[in-house]
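# An overview of the molecular structure
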Amino acid sequence: MKKLGLISLLFSLASFSVLALGTPAGPVILKVTGNVKAAETVDGVAQFDLAMLQALPQHEVVTGNPWVDKPHKYRGPKLADVLAAVGADDGSSITLTALNSYQIRINWDKVKLYEPILAWEDDGVVMKVRDKGPLWFMLPLDQHPELKRSEYTDMMIWQLSSVDIQH
C-alpha cells in the first residue's frame, strides 16, 4: 500500500511540471533561466504568461513594506513552486531582474524558508506595470520581523520580468 501511495505521489509531482508549463497564450510576463530542466523551453528559457502563473498553487501574504502606507494583501505563486514547475529547484543563487534591467542577486538557501511569492495581485487588483506589476517579489515582512532590514527589503524587486537560478 505504501508503494502505491509513493507511486501516486511521484506521478502527481511529475504531472505538476507538465501542467504548469506549455505555450503562453498571452503576453509573457516571466522568464526563468539557468538550471531549467523543463522540456517546454525556448532556447533554455521557460516562459510564463499570467494565466500559467495563476494555474500554479496560489498563496496570500498580508504585509506592509517600505513602499506602502499600510499592510496589503498580495497574491501569487510561491517562487519555489515556479522553480519546481520548470525543474529549476536545485540552485542556490537567484538573480531577479526587473523590466528596467534592475537586478538583485539573492542567496536562495537563505530566503526560501520565508516562502516568498511572485505577487501578481495587490488587494484584489491585478497589478499593472504602473502599479509595480506585473510581478512583485514579496517577502512576508510582518510575519518575520527579521526581514525588515535593507538586506531583505532590497530583494523585493517589483516589475519582475525574469528569474535566473544557478548552483
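Residues numbered from 1 in each chain as written. Predicted model: local features only at pLDDT ≥ 70, side-chain atom pairs only at ≥ 80, totals over all residues. Heavy atoms only, no water.

## Considerations on the confidence of the model for the chain
Quick note on the threshold: How sure the predictor is of each residue is captured by pLDDT, a score from 0 to 100. Should any heavy atoms of two residues lie within 4.5 Å, those residues are counted as being in contact.
Chain-level pLDDT for the chain is 89 on average; 88% of the residues reach the 70-or-more range. Overall, residues 4–20 carries pLDDT values under 50, and its contacts beyond four positions in sequence, including any with other chains, amount to eleven contacts.

## A look at the nonpolar core
Here is the rule we go by: Think of a nonpolar core as a cluster: buried Ala, Val, Leu, Ile, Met, Phe, Trp, Tyr and Cys residues, connected wherever their side-chain atoms sit within 4.5 Å. Partly exposed residues are those whose accessible area sits between 20% and 50% of the maximum for their type, while under 20% is buried and over 50% is exposed, using a 1.4 Å probe and protein chains only. Helix numbering and strand numbering both begin at the N terminus, where a helix is a DSSP run of H or I of at least 4 residues and a strand a DSSP run of E of at least 2.
Counting 46 residues, the largest nonpolar core has Leu-30, Phe-48, Phe-137 and Leu-139 as the members making the most contacts within it. For this core, the element with the highest residue contribution is helix H3 (residues 79–85), accounting for four residues. Filtering out sequence-adjacent residues up to four positions away, Phe-137 remains in contact with Leu-79, Leu-96, Ile-106, Val-111, Pro-116, Ile-117, Leu-118, Met-155, Met-156 and Ile-157.

## So, the sheet that holds strand E8 (residues 121–122)
Which entries qualify depends on this criterion: We call two strands paired when DSSP finds no fewer than two bridges between them.
What the four strands build is an open sheet, ordered E3-E4-E8-E9; its pairing is antiparallel. Edge positions in the open sheet fall to strand E3 (59–63) and strand E9 (125–126), since each of these has one partner strand only. Pairing of strand E4 (residues 72–76) with E8, which is carried by two bridges, proceeds in the antiparallel orientation. Along E8, the bridge assignment pairs Arg-75 with Glu-121.

## With respect to the environment of Ala-38
Of note, Ala-38 is situated in the loop between strand E1 (28–34) and strand E2 (46–49). Under the relative-accessibility criterion, Ala-38 is labelled buried at 15%. Spatially, the C-alpha atom of Ala-38 lies 8.1 Å from that of Ala-88, the residues being 50 residues apart in sequence.

## A look at the side chain of Thr-153
Relative to the helices and strands, Thr-153 is located in helix H5 (residues 150–153). Sequence-distant contacts of Thr-153, that is, excluding residues within four places in its chain, are made with Pro-66, Trp-67, Leu-141 and Leu-147.

## Digging into the packing of aromatic side chains
Here is the rule we go by: Centres within 6.5 Å make a pair out of two Phe, Tyr or Trp rings, where for Trp the six-membered ring is used; the pair is then stacked when the planes are under 30 degrees apart, edge-to-face when over 60, and tilted otherwise. A positively charged side chain is recorded as over a ring if its NZ (Lys) or CZ (Arg) lies within 6 Å of the ring centre. The angle to the ring normal must also be within 35 degrees.
In total, this model carries five aromatic pairs according to the counting rule given. Summarising the aromatic geometry, the rings of Trp-67 and Trp-158 are spaced 5.1 Å apart at their centres and angled 75° between planes, so their arrangement reads as edge-to-face. One end of the pair, Trp-67, is in the loop between E3 and E4; the other, Trp-158, is in the loop between H5 and strand E11 (160–166), and 91 residues separate them in sequence. Overall, Trp-158 belongs to the partly exposed group, its relative accessible area being 29%. Among the aromatic residues, those joined into a ring-pair cluster are Trp-67, Tyr-74, Trp-136 and Trp-158. The ring of Trp-158 has Lys-132 sitting right over it, with the charged end atom 4.8 Å from the ring centre.

## Some details on the side chain of Gln-58
The condition that has to hold: For this analysis, a polar contact is any N or O atom pair within 3.5 Å, provided that within protein one partner can donate a hydrogen and the other can accept it, and provided that sequence-adjacent residues contribute only side-chain to side-chain pairs.
Of note, Gln-58 is situated in the loop between helix H2 (50–55) and E3. Note on Gln-58: relative accessible area 19%, which makes it buried. Engagement of the side chain of Gln-58 in a polar contact is seen with the backbone oxygen of Leu-56, the distance being 2.8 Å. A polar contact is formed between the side chain of Gln-58 and the side chain of Trp-120, at a distance of 2.6 Å.

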